[in-house]
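Structural description and commentary
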Amino acid sequence: MKLSAVLNDADAAASFDKAQIAFVLTDATRDDNPIVYVNEAFVRTTGYARSAVIGRNCRFLQGADTKKSAVDLLRSRIEARRDVSVDILNYRADGQPFKNRLLVAPIKNGVGDTRYFLGVQKNLDADESSVSRGNIDMALATLCERATADVQSILLDISEDADLGSDDEPYSAIQRRLDALQLVYEELRLSDSDPAQSGVNVGPLLTRLFHAIAHDVGPPGVKTQVSVESVEVGIDLATRIAIIFAEVVHAKLTTSFNGLAQGLLDVRLLRLAAGGFRMTIGDDGDAEQGTGGSGGASKIWPAGSPRGKLIERLVDGVAGTVNHATGIAGGVLTIEIPLTEEINAKEN
């Protein structure tokens, strides 16, 4: 679904593209419903660093002039595990107030119990003089609906089966996967401004994601290089590819180069002449640590490991193939995904 299909004029689309749309995820199964994820737009809007908000209830954003009626409405709907939309006065880290339009939706597990709450926030103090409030409301609601479905798929259908805790801290994995989803949305918005583009271009998407992960966890002395071709896919396939890619790159950077002073991580995306594309992620690290032997091997492969099960499940869902090979140094993961009419029909 293109955002431009919701925003019916150029001014509205331009305004929404520049808007500060913040995402917040809270854990409904823990005492006091604490925050487990916020995106960069939340950080920019509120002035609070991620480390300062994870584990806290969202009420710290309230202040002296926050209306009790808004708080009561929010609390009652959350307690009832229902959607809610409310305008509420919040406060930044520096004490400055701002009006916030907040949409909250429950994320349910396979038996219908609420596992998380997803909040989508829009700073209403931003300049909206060129766009009607109705168009912004419609776009925000559509984005919330789309994000709720995507988050439910990522966190419930995939992550809980993968037994996240055995690989790394569960909330670190949540952050990584939702950051990947955020980049998919950003690339989707960029496609709306290009009439020649009908989907998400995974080439620049993977490039941005690669550099973001390498910046966060790349060991000193390890070089990275990326070579990608332009491949357009639908948003659902783009989301799967981004999650697969984030998991493999993160695992290789955090396990393959332990104790090494230098190394190389190489990423390639190639369009296949027969249709579809091939993605390869290779390293020249320690095979015993990262991919081929004991120790760090379970972090990425074989298929019985949490990440291996996750990758295979995502690839199988789009009729793709995944292969892993090791050598004298390091290993290469190769994933091929066809772009068949059946898959494109599911995508769109």
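This report concerns the structure included in the present document. (Residues numbered from 1 in each chain as written. Predicted model: local features only at pLDDT ≥ 70, side-chain atom pairs only at ≥ 80, totals over all residues. Heavy atoms only, no water.)

**Side note on the overall build of the protein**
Within the protein, the secondary structure is distributed over 12 helices and 12 strands. Going through the 348 residues of the protein one by one, you find that 51% of them count as buried. If you take every contact in the protein between residues at least 6 apart in sequence, the share linking residues at least 24 apart comes to 62%. Counting only carbon and sulfur atoms, one obtains 49% of the accessible surface of the protein, whose full area is about 15600 Å². (Helix = DSSP H or I, 4+ residues; strand = E, 2+ residues; numbered from the N terminus. Buried < 20%, exposed > 50% of the residue type's maximum accessible area, 1.4 Å probe, protein only. Contact = heavy atoms within 4.5 Å. Areas by Shrake-Rupley, 256 points an atom, 1.4 Å probe, with all protein chains shown as cover.)

**Some remarks on the packing of helix α7 (residues 202-217) against helix α8 (residues 235-255)**
One can describe the packing of α7 onto α8 by two numbers: an axis separation of 10 Å at closest approach and a directional angle of 30°. Put simply, α7 runs roughly parallel to α8. In this structure, α7 meets α8 at a crossing whose hand is right-handed. Across the interface between the two elements, Val202, Leu205, Leu206, Leu209, Phe210, Ile213, Ala214 and Val217 of α7 pack against Ala238, Ile241, Ala242, Phe245, Ala246, Val249, His250, Leu253 and Thr254 of α8. Looking at the contact of α7 with α8, its residues break down into 15 nonpolar, 2 polar and no charged. (Axes fitted to C-alpha atoms, helices over the stretch in contact; angles between N-to-C directions. Parallel < 35°, antiparallel > 145°, perpendicular 65-115°, else oblique. Left-handed = near helix turned anticlockwise from the far one by under 90°. Nonpolar A, V, L, I, M, F, W, Y, C, P; charged D, E, K, R; others polar.)

**Considerations on the packing of α8 against helix α11 (residues 306-316)**
As a packed pair, α8 and α11 sit with axes 10 Å apart at the nearest point and diverge in direction by 155°. By the angle between their directions, the pair α8 and α11 is classed as roughly antiparallel. Handedness of the α8/α11 crossing: left-handed. For the pair formed by α8 and α11, the contact residues are Arg240, Ile243, Ile244, Glu247, Val248, His250 and Ala251 on the first element and Arg307, Leu310, Ile311, Arg313, Leu314 and Val315 on the second. Residues belonging to the contact of α8 with α11 are distributed by class as follows: 8 nonpolar, 1 polar and 4 charged.

**Section: the side chain of Asn39**
Within the element layout of this structure, Asn39 appears in the loop between β2 (35-38) and α2 (40-46). Judged by its relative accessible area of 1%, Asn39 is buried. A distance of 3.1 Å separates the side chain of Asn39 from the backbone nitrogen of Phe42, its partner in a polar contact. Of the polar contacts made by the side chain of Asn39, one reaches the side chain of Gln182; its length is 3.5 Å. Once residues lying within four places of it in the same chain are set aside, the contact partners of Asn39 are Ile21, Ala22, Phe23, Arg50 and Gln182. (Polar contact = N/O pair within 3.5 Å; in protein donor to acceptor, adjacent residues only side chain to side chain.)

**Points about the pairing of strand β5 (residues 114-123)**
β5 sits mainly inside the fold: 10 of its 10 residues count as buried. As paired elements, strand β1 (residues 21-27) and β5 share 7 bridges and run antiparallel to each other. Looking at β5, one finds that Phe23 is bridged to Val120. Where strand β4 (residues 97-108) and β5 come together, 9 bridges link them in antiparallel fashion. In the strand pairing of β5, Asn100 is matched with Asn123. Here β4 folds back onto β5 in antiparallel fashion, the turn holding 5 residues, of which Gly112 has a positive phi close to 90°. (Pairing = 2+ DSSP bridges.)

**Describing the environment of Val200**
Relative to the helices and strands, Val200 resides in strand β6 (residues 200-201). Separated by 16 residues in sequence, Val200 and Val184 have C-alpha atoms that sit 7.4 Å apart. Those residues in contact with Val200 that lie beyond four places of it in its chain are Val184, Glu187, Leu188, Leu205, Val231, Glu232, Val233, Ile235 and Ala238.

**Regarding the sheet that holds β2**
Taken together, 5 strands build an open sheet; the order of strands is β2-β1-β5-β4-β3 and the sheet is antiparallel. Of all strands in the sheet, those with a lone pairing partner are β2 and β3 (84-91), marking the two edges. If you compare each strand with its neighbour and ignore which way they point, the axes differ by 30° on average.

**Notes on the nonpolar core**
Among the nonpolar cores identified, the biggest contains 63 residues, and Phe23, Leu25, Ile241, Phe245, Met279 and Ile335 are the most heavily contacted of them. At 12 residues, the largest contribution of residues to this core is made by α8. What Met279 contacts, discounting residues up to four positions off in sequence, is Leu206, Ile241, Ile244, Phe245, Arg268, Leu269, Leu333, Thr334 and Ile335. (Core = buried A, V, L, I, M, F, W, Y, C linked by side-chain atoms within 4.5 Å.)

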